[in-house]
Amino acid sequence: MRQSLNYKLLFALTAVGIIWGTTFLGIRVAVETIPPWFVTSIRQGLAGLIVMIILLFKKELTWIGWKNLKHQLVPSVLMIVIANGFTTIAEQTLPSGLASVMSALSPVLIFIGGILFGLQKASLRGFIGVIIGFSGVVFIFKDGLGSFLDDNYKHGLMFISLAILAWAAGTIYIKMQAHKPNNIALNLFYQFSMASCIQLVLAFIFSPNPDLSSWSSRSVFAALYLSVFGSVIAFFCYNYALKHVTAVQVSILSYVNTIIAVFLGWLILNERITVDFIIATILIILGVFIINYKKKEKSA
């Protein structure tokens, strides 16, 4: 019996691929005049407020208990405080293209981690798909790979590397908890709230005397965009998708994010889409196809 198309899942995956493809640009603009930890604190604080209003309207705002709170603290710290925070810090010095190449390594780590924790079986097809997809990302930026050796980028590369590791760990943790019945919006409210508080403390530690008058409207708008779309909508869709498909299948969307980032460079910065870009696109789509392709089972 054929399964009907899950439009909610399709929307969730599409939203994650497109929205997070725009966040590299958003973060880069936000940190132009706003200290990175303030960017992340504003982003998660407003996101928590929006989710709280939704929960109040649906009469679903409630205490989740200390046990579940501890479960939510793990992805909050790993994926929001560390991964999101360190990526924001990294983009103060890293070109957005280089940051997206590094972030595209997450499916490889999640694939390996998923095997180690028994979330999926090791398969040659999956490994080949991940490698082909990542090779497409590298192909886009092959002329700028020398940036990895640039002394000016070492600080940013360190932070983006830690961010990728934290994101992969958080994704695997969420997938391991996916079988447990819970309210995604309620969990995200607690995750955003805890992360915002932690990041606000870090903001005042590293930028004790913020000059609000120096914050441009362009940067503030970018922070607001990151909050509503990059956090509320995208995180909700990401968590929903993780409950319905494998962690690798969701993480492979980071390749799509890179395509979106390049497209925005063409649209906003008038960058050319070259033959290299077309070849890279084919490689990325092929990698996604190999990862997700399943033969139809014959009916008994």
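Residues numbered from 1 in each chain as written. Predicted model: local features only at pLDDT ≥ 70, side-chain atom pairs only at ≥ 80, totals over all residues. Heavy atoms only, no water.

A few points about the overall build of the chain
Turning to step 1, where the next piece is worked out: Tallying secondary structure elements over the chain gives twelve helices and zero strands in all.
Turning to step 2, where the next piece is worked out: Secondary structure elements of the chain occur, N-terminal to C-terminal, as α-α-α-α-α-α-α-α-α-α-α-α.
Turning to step 3, where the next piece is worked out: For the chain, contacts bridging at least 24 residues in sequence account for 91% of all contacts bridging at least 6.
Turning to step 4, where the next piece is worked out: As displayed, the chain has an accessible area near 15,700 Å², and 69% of this comes from carbon and sulfur atoms. (Helix = DSSP H or I, 4+ residues; strand = E, 2+ residues; numbered from the N terminus. Contact = heavy atoms within 4.5 Å. Areas by Shrake-Rupley, 256 points an atom, 1.4 Å probe, with all protein chains shown as cover.)

Observations regarding the side chain of Ser76
Turning to step 1, where the next piece is worked out: Topologically, Ser76 is positioned in helix H3 (residues 65-90).
Turning to step 2, where the next piece is worked out: The exposure class assigned to Ser76 is buried, which follows from its relative accessible area of 0%.
Turning to step 3, where the next piece is worked out: Discounting chain neighbours no more than four positions away, the residues touching Ser76 are Val81, Gln191, Met194 and Ala195. (Buried < 20%, exposed > 50% of the residue type's maximum accessible area, 1.4 Å probe, protein only.)

Topic: the nonpolar core
Turning to step 1, where the next piece is worked out: Of all hydrophobic cores here, the largest spans 42 residues; its most connected members are Trp20, Val51, Trp167, Tyr190, Phe192, Phe235 and Tyr238.
Turning to step 2, where the next piece is worked out: Mapped onto this core, the elements with two or more residues apiece are helix H1 (7-30), helix H2 (36-57), H3, helix H7 (154-176), helix H8 (184-206), helix H9 (217-242) and helix H10 (247-251).
Turning to step 3, where the next piece is worked out: Element by element, the count of residues in this core is highest for H8, at nine residues.
Turning to step 4, where the next piece is worked out: In this structure Trp167 touches Trp20, Leu78, Met79, Ala83, Ser106, Phe235 and Tyr238, once residues within four positions along its chain are discounted.
Turning to step 5, where the next piece is worked out: One finds Ile27, Ile34, Leu94 and Leu157 within the second-largest nonpolar core, a separate group that totals 23 residues. (Core = buried A, V, L, I, M, F, W, Y, C linked by side-chain atoms within 4.5 Å.)

Examining a nonpolar patch on the surface
Turning to step 1, where the next piece is worked out: A cluster of nonpolar side chains, namely Leu25, Phe263, Trp266, Leu267 and Ile268, defines an oily patch on the protein surface of about 450 Å² accessible area.
Turning to step 2, where the next piece is worked out: Sort the elements by how many residues they give to the nonpolar patch and helix H11 (residues 253-269) lands first, with four residues.
Turning to step 3, where the next piece is worked out: The class of Trp266 is partly exposed, set by a relative accessible area of 38%. (Patch = residues over 30% accessible without salt bridge, like charges linked within 9 Å, V, L, I, M, F, W, Y side chains within 5 Å. Salt bridge = Lys/Arg side-chain N within 4 Å of Asp/Glu carboxyl O.)

A short note on the pattern of salt bridges
Turning to step 1, where the next piece is worked out: Evaluation of the coordinates by the stated rule reveals two salt bridges.
Turning to step 2, where the next piece is worked out: Two residues, Arg218 and Glu32, come together in a salt bridge whose shortest N-O distance is 3.0 Å. A residue pair is termed long-range when its members are at least 10 positions apart, and Arg218 in helix H9 and Glu32 in the loop between H1 and H2 qualify at 186 residues.
Turning to step 3, where the next piece is worked out: The partner of Glu60 in a salt bridge is Lys58, with the nearest N and O atoms 3.9 Å apart.

Digging into H2
Turning to step 1, where the next piece is worked out: Taking 1.5 Å per residue, 22 residues should reach 32 Å; H2 reaches 32 Å between its end C-alpha atoms and fits that length.
Turning to step 2, where the next piece is worked out: Every buried residue belonging to H2 is among Pro36, Trp37, Phe38, Val39, Thr40, Ser41, Arg43, Gln44, Ala47, Gly48, Val51 and Leu55, and all of these are buried.
Turning to step 3, where the next piece is worked out: Buried positions along H2 lie against H1, H3, H8 and H9.
Turning to step 4, where the next piece is worked out: At the exit of H2 stands Lys59, carrying a positive phi of roughly 55°. (Expected span 1.5 Å × (residues − 1).)

A word on unusual backbone geometry
Turning to step 1, where the next piece is worked out: Of note in the backbone geometry, Lys59 takes a positive phi value of approximately 55° without being a glycine.
Turning to step 2, where the next piece is worked out: As for its position among the elements, Lys59 is in the loop between H2 and H3.
Turning to step 3, where the next piece is worked out: Judged by its relative accessible area of 77%, Lys59 is exposed.

Here's the deal with the packing of H3 against H8
The axes of two packed helices give the description: the angle between them and the distance between them.
Turning to step 1, where the next piece is worked out: Interaxial distance between H3 and H8 falls to 8 Å at its minimum, and their mutual angle equals 50°. Here H3 lies oblique to H8, going by the angle between them. Here the hand of the crossing between H3 and H8 comes out right-handed. The segment H3 lies against H8, with Asn68, Leu69, Gln72, Leu73, Pro75, Ser76, Val77, Ile80, Val81, Asn84 and Gly85 engaging Asn187, Tyr190, Gln191, Phe192, Met194, Ala195, Ile198, Gln199 and Leu202.
Turning to step 2, where the next piece is worked out: Split by residue class, the contact of H3 with H8 holds twelve nonpolar, eight polar and no charged. (Axes fitted to C-alpha atoms, helices over the stretch in contact; angles between N-to-C directions. Parallel < 35°, antiparallel > 145°, perpendicular 65-115°, else oblique. Left-handed = near helix turned anticlockwise from the far one by under 90°. Nonpolar A, V, L, I, M, F, W, Y, C, P; charged D, E, K, R; others polar.)

Digging into the confidence of the model for the chain
Turning to step 1, where the next piece is worked out: Scored by pLDDT, the chain comes out at a mean of 82, with 84% of its residues at no less than 70.
Turning to step 2, where the next piece is worked out: When mean pLDDT is taken per element in the chain, H2 scores highest with 95 and H10 scores lowest with 70.
Turning to step 3, where the next piece is worked out: Under a pLDDT of 50 for its full length, residues 296-300 has, in the predicted model, zero contacts with residues more than four places off or in other chains. (pLDDT = per-residue confidence, 0-100.)

What to know about the packing of aromatic side chains
Turning to step 1, where the next piece is worked out: Within this structure, the stated rule accounts for 14 aromatic pairs.
Turning to step 2, where the next piece is worked out: Ring geometry for Trp20 versus Phe235: centroids 5.4 Å apart, planes at 85°, classification edge-to-face. One end of the pair, Trp20, is in helix H1; the other, Phe235, is in helix H9, and 215 residues separate them in sequence. The pair Trp20 / Phe235 is uniform in exposure class, with both members buried.
Turning to step 3, where the next piece is worked out: An aromatic cluster is built from Trp20, Trp167, Phe192, Phe235 and Tyr238, whose rings are joined through pairwise contacts. (Phe/Tyr/Trp six-rings, centres within 6.5 Å; stacked < 30°, edge-to-face > 60°.)

Remarks on the environment of Ser135
Turning to step 1, where the next piece is worked out: Within the secondary structure layout, Ser135 lies in helix H6 (residues 124-140).
Turning to step 2, where the next piece is worked out: Judged by relative accessible area, which is 30%, Ser135 ranks as partly exposed.
Turning to step 3, where the next piece is worked out: Along the chain, Ser135 and Ala280 lie 145 residues apart, while their C-alpha atoms are 7.8 Å from each other.
Turning to step 4, where the next piece is worked out: From its side chain, Ser135 meets the backbone oxygen of Ile132 in a polar contact 2.5 Å long. (Polar contact = N/O pair within 3.5 Å; in protein donor to acceptor, adjacent residues only side chain to side chain.)

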